[in-house]
Amino acid sequence: MKKGLIITIDGPSGAGKSTIAKRIAERLNYRYIDTGAMYRGVAYAFKHYGLSDKTENGLEDFLKGLPIEFHFENNAVVIFNGCDITEDIRTPEISMLASKLSQNRTVREFLTQKQREEGASGGVVLEGRDTGSVVFPNADIKFFLDAHDEERVKRRFLELKTKGMDLNMEQLKAEMKKRDKDDSEREIAPLKIPDGAIYIDTTGLDIDTVTEKLLSYIRERL
Ligand code: DC
């Protein structure tokens, strides 16, 4: 029996998905599945082993044997080779590599299956780029969060600054633009508004307002 709803939240970088997904999961006592952390974890492993993002030979076995664990409670904790890499996967370099790797069919199939296993029993909020379009197209409720470009860059800049990263705003802006373009234009599971999703523009809205907006739609289905 399902333990609750399957809720998906997709959207471009900096639209507020993680913050909102975490809040919603806390309020409903659901698990929060950060699918981006999984792409980031695999990207970290590629970097660690010095693999090119073009690697194809033996990739499936490599992925299956990876000493990586994802723990999803109200935050995503990523363990690699026994070390906690939760913070290390948040750098701009890993963001770009994760986006590149996310174009790889083998990587996508491997992670999509893991995400389906994590979410199948319900009581989950999944957040990413294709959680409502590909991972759970029959989710109980799907959202697409968006915001104006300038605001998304500002939010991401502040988030990374708070973590103590040394950043250049213009460079971050260019990287986010490239990542959004690549994520939206890739061949497999591109970022798009899933069929039947509720579109929410979060520009100028604070976290509490957006959380309440989503909860009001969710309550109708509980
Ligand atoms: O959400 P994020 O910034 O942590 O995601 C990092 C990258 O991972 C993103 O640029 C594209 C990829 N990704 C994806 O392709 N599909 C998902 N469901 C989540 C992330």
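Okay, so let's go over this structure. All of these numbers come straight from a predicted model, not from anything done at the bench. Within every chain, residues take consecutive numbers counted from 1 along the sequence as written. Owing to the predicted nature of the model, reporting of local features is limited to residues with pLDDT of at least 70; listing and counting of side-chain atom pairs is limited to 80 or more, with chain, interface and lining totals taken over all residues. Heavy atoms from the whole structure form the basis of all side-chain values; hydrogens and water molecules are not counted.

## Section: the pairing of strand S3 (residues 68-72)
So, step 1. Side-chain alternation along S3 places Ile68, Phe70 and Phe72 on a buried face and Glu69 and His71 on a face that remains uncovered.
So, step 2. As defined by bridge partners, S3 adjoins strand S4 (residues 76-80) across five bridges and the pair is classed as antiparallel. Across the sheet, Ile68 pairs through a bridge with Phe80, a residue of S4.
So, step 3. Pairing between two strands requires that DSSP report at least two bridges joining them. Numbered from the N terminus, helices here are DSSP runs of H or I no shorter than four residues, and strands are runs of E no shorter than two. From the end of S3 to the start of S4, which pair antiparallel, there are three residues. Partly exposed residues are those whose accessible area sits between 20% and 50% of the maximum for their type, while under 20% is buried and over 50% is exposed, using a 1.4 Å probe and protein chains only.

## Section: the packing of helix H2 (residues 35-48) against helix H5 (residues 105-119)
So, step 1. Fitted lines through C-alpha atoms serve as axes, helices being fitted only where they are in contact, and the angles separating the N-to-C directions of these axes extend from 0 to 180 degrees. One way to put it is that H2 packs onto H5 with a least axis distance of 11 Å and a crossing angle of 140°. Taken together, the axes of H2 and H5 lie oblique to each other. H5 is crossed by H2, and the crossing has right-handed handedness. Of the residues in H5, those touching H2 at Thr35, Met38, Tyr39 and Val42 are Val107, Arg108, Leu111, Thr112, Lys114 and Gln115.
So, step 2. Polar here means any residue other than Ala, Val, Leu, Ile, Met, Phe, Trp, Tyr, Cys and Pro, which are nonpolar, and Asp, Glu, Lys and Arg, which are charged; Gly is therefore polar. Grouping the amino acids of the contact of H2 with H5 by side-chain chemistry returns five nonpolar, three polar and two charged. Angle categories are assigned with fixed cut-offs, so that under 35 degrees is roughly parallel, over 145 is roughly antiparallel, 65 to 115 is roughly perpendicular, and the rest are oblique. Crossings are classed by handedness, with left-handed meaning an anticlockwise turn of the near helix from the far one by less than a right angle and right-handed meaning a clockwise turn. Here a residue-residue contact requires only that any non-hydrogen atoms of the pair lie within 4.5 Å.

## Thoughts on the site of the ligand
So, step 1. In this text, near means that some heavy atom of the residue lies within 4 Å of the molecule or strand in question. The environment of the ligand is made up of 15 residues, and the closest members are Arg40, Asp130, Arg179, Asp183 and Arg186.
So, step 2. Here a nitrogen atom of the ligand sits 3.0 Å away from a polar atom, N or O, in the side chain of Thr35.
So, step 3. Contact with the protein chains removes 98% of the 450 Å² of surface that the ligand exposes when unbound.
So, step 4. Among the elements of the structure, H2, helix H4 (92-101) and helix H8 (169-185) are those that each provide at least two residues to the shell around the ligand.
So, step 5. When residues in the shell around the ligand are grouped by element, the largest group, four residues, is from H2. A 3.5 Å cut-off defines polar contacts: any pair of N or O atoms within that distance qualifies, except that in protein one atom must be a possible hydrogen donor and the other a possible acceptor, and neighbouring residues in sequence count only when both atoms are side-chain atoms. Method for areas: the Shrake-Rupley scheme with a 1.4 Å probe, in which residue coverage is limited to the protein chains shown.

## Things to note about the nonpolar core
So, step 1. We call a set of buried Ala, Val, Leu, Ile, Met, Phe, Trp, Tyr and Cys residues a nonpolar core when their side-chain atoms join them within 4.5 Å. Core analysis: the largest hydrophobic core is formed by 32 residues, its most contacted members being Val42, Leu63, Leu66, Val78, Leu101, Val107 and Leu111.
So, step 2. Secondary-structure elements contributing two or more residues to this core are H2, helix H3 (59-64), S3, S4, H4, H5 and strand S6 (124-128).
So, step 3. Here this core takes seven residues from H2, the largest share from any one element.

## Thoughts on the sheet that holds strand S5 (residues 83-84)
So, step 1. Here we have three strands laid out as an open sheet, ordered S3-S4-S5, and antiparallel in their pairing. Whereas interior strands pair on both sides, the edge strands pair on one side only; in this sheet they are S3 and S5.
So, step 2. In this sheet, S5 lies alongside S4 in antiparallel orientation, the contact comprising two bridges. Paired with Ile79 across the strands is Asp84, a residue of S5.

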